[in-house]
Amino acid sequence: MAPQRGVYFLANDHVLERVIAFLNSFRAYNPTMPLCLIPFADDIDGVLRHQRRYDFSVWSGDPALLRRCDDISLLFHDEVRGHYRKLVAWEGEFDEFVYVDTDTVVLGDVGFVFDFLDQFGFVVTSSEHPDMFRWVWQSSIHEAGALTPQQIGYCAGTQFIASRRESLRFADASRRLPDAVRLAPHMALVTLEMPLLNYLIVTSGYPHTSLRVLGGAQGRGQVPPGPIPQERHATDPFEVRDGQVVTPGSPRTFVVHWAGLWWELERGELDRLPREDLWGYYRHLHRDADQVVGRP
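Residues numbered from 1 in each chain as written. Predicted model: local features only at pLDDT ≥ 70, side-chain atom pairs only at ≥ 80, totals over all residues. Heavy atoms only, no water.

**Student:** Can you help me understand the packing of aromatic side chains in this one?
**Tutor:** On inspection of all chains with the given rule, the structure shows 13 aromatic pairs. When the centroid spacing of 4.8 Å and the interplanar angle of 70° are considered together, the rings of Tyr 281 and Tyr 282 count as edge-to-face. Residue class for Tyr 282 comes out buried when judged on its relative accessible area of 1%. One cation-aromatic arrangement involves Arg 275 over Phe 238; the distance from NZ or CZ to the ring centre is 4.1 Å. (Phe/Tyr/Trp six-rings, centres within 6.5 Å; stacked < 30°, edge-to-face > 60°. Buried < 20%, exposed > 50% of the residue type's maximum accessible area, 1.4 Å probe, protein only. Lys NZ or Arg CZ within 6 Å of the ring centre and 35° of its normal.)

Here you go:
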């Protein structure tokens, strides 16, 4: 029997504008892919007003698991941060899945990523890049003696994760949680759940990689030929044309994310959102329909 596949996203009404841009972009290129909302918090009525239009389900597992994720966030931040609810993706309806943050626009079919799950338990978009270290670990992690240099060096972004259900069951994450909490002083907790997910991935026992690493291995003949689409951050240099990223001579861009930038905008540290033209293209892609459901 073929595995049931789909995509999860995490949202509540606070990020509704971002949700609409994400959903417009996702459905433009993935019209039939099953899509499921994981509630970031209880305030999701505004998001649910768009459920029929974008054809998504709502995570229907044990509500106690969502509260348990909130409890985990308290261990690291002394306050509830809904980002840790990503963990319930491994307890959801899909055997194989992609998780995508909602501060993302999707510029193509995400289905190609599932092909890599035959070999790997986890596939992210970017890993093993020196610039990522400061967003996952403090330098003291090297002296903690808990992880190997290879495990520390993985340094994955967790805004896009492809995985299989068995790769990180909640019971297993809970079993390893005390060891992760002991490493909290060595984590870059400014990125919230990212250090914990890195720890859980590299200590899972399952092979893990990224599209960036796979693209490099392809040039060495270690991955079947054919261009592997890549992710870009909104601060990267690229041209936008008709809602697409134009990067001649480079692999196709299939997702662009604004990790950290919305926070900076809300705190007044940015005058405007980088690549506002690309985000606005998808936010207003169906403006007339937005007005029908009561959006401004």
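Moving on from the model shown.
**Student:** Please explain the side chain of Thr 104 as it appears in this structure.
**Tutor:** Here Thr 104 is to be found in strand 5 (residues 104-106). At 2.9 Å, the side chain of Thr 104 forms a polar contact with the backbone oxygen of Asp 101. Apart from residues no more than four positions distant in its own chain, Thr 104 is found in contact with Phe 22, Ser 25, Val 255, Val 256, His 257 and Trp 258. (Helix = DSSP H or I, 4+ residues; strand = E, 2+ residues; numbered from the N terminus. Polar contact = N/O pair within 3.5 Å; in protein donor to acceptor, adjacent residues only side chain to side chain. Contact = heavy atoms within 4.5 Å.)

**Student:** I tried to follow the sheet that holds strand 12 (residues 253-257) on my own but got confused; where do I start?
**Tutor:** Within a beta sheet, neighbouring strands are joined by backbone hydrogen bonds and run either parallel or antiparallel to one another. Ordered in space as 5-12-9, the three strands form an open sheet in which the pairing is mixed. Pairing within the sheet leaves two strands with one partner each, and these edge strands are strand 5 and strand 9 (230-233). Adjacent strand axes in the sheet meet at a mean angle of 25° when their direction is disregarded. Note that strand 9 and strand 12 share four bridges and pair parallel. Looking at strand 12, one finds that Glu 231 is bridged to Val 255. (Pairing = 2+ DSSP bridges. Axes fitted to C-alpha atoms, helices over the stretch in contact; angles between N-to-C directions.)

**Student:** Could you clarify how one ought to interpret the environment of Tyr 8 in this entry?
**Tutor:** As for its placement among the helices and strands, Tyr 8 is situated in strand 1 (residues 5-11). Along the backbone, Tyr 8 and Phe 160 are 152 residues apart, and their C-alpha atoms lie at a distance of 9.9 Å. Residue contacts for Tyr 8: discarding those within four places in its chain leaves Cys 36, Ile 38, Trp 59, Ala 89, Gly 92, Glu 93, Phe 94, Phe 97, Val 98, Tyr 99 and Val 100. From its side chain, Tyr 8 meets the backbone nitrogen of Glu 93 in a polar contact 2.9 Å long.

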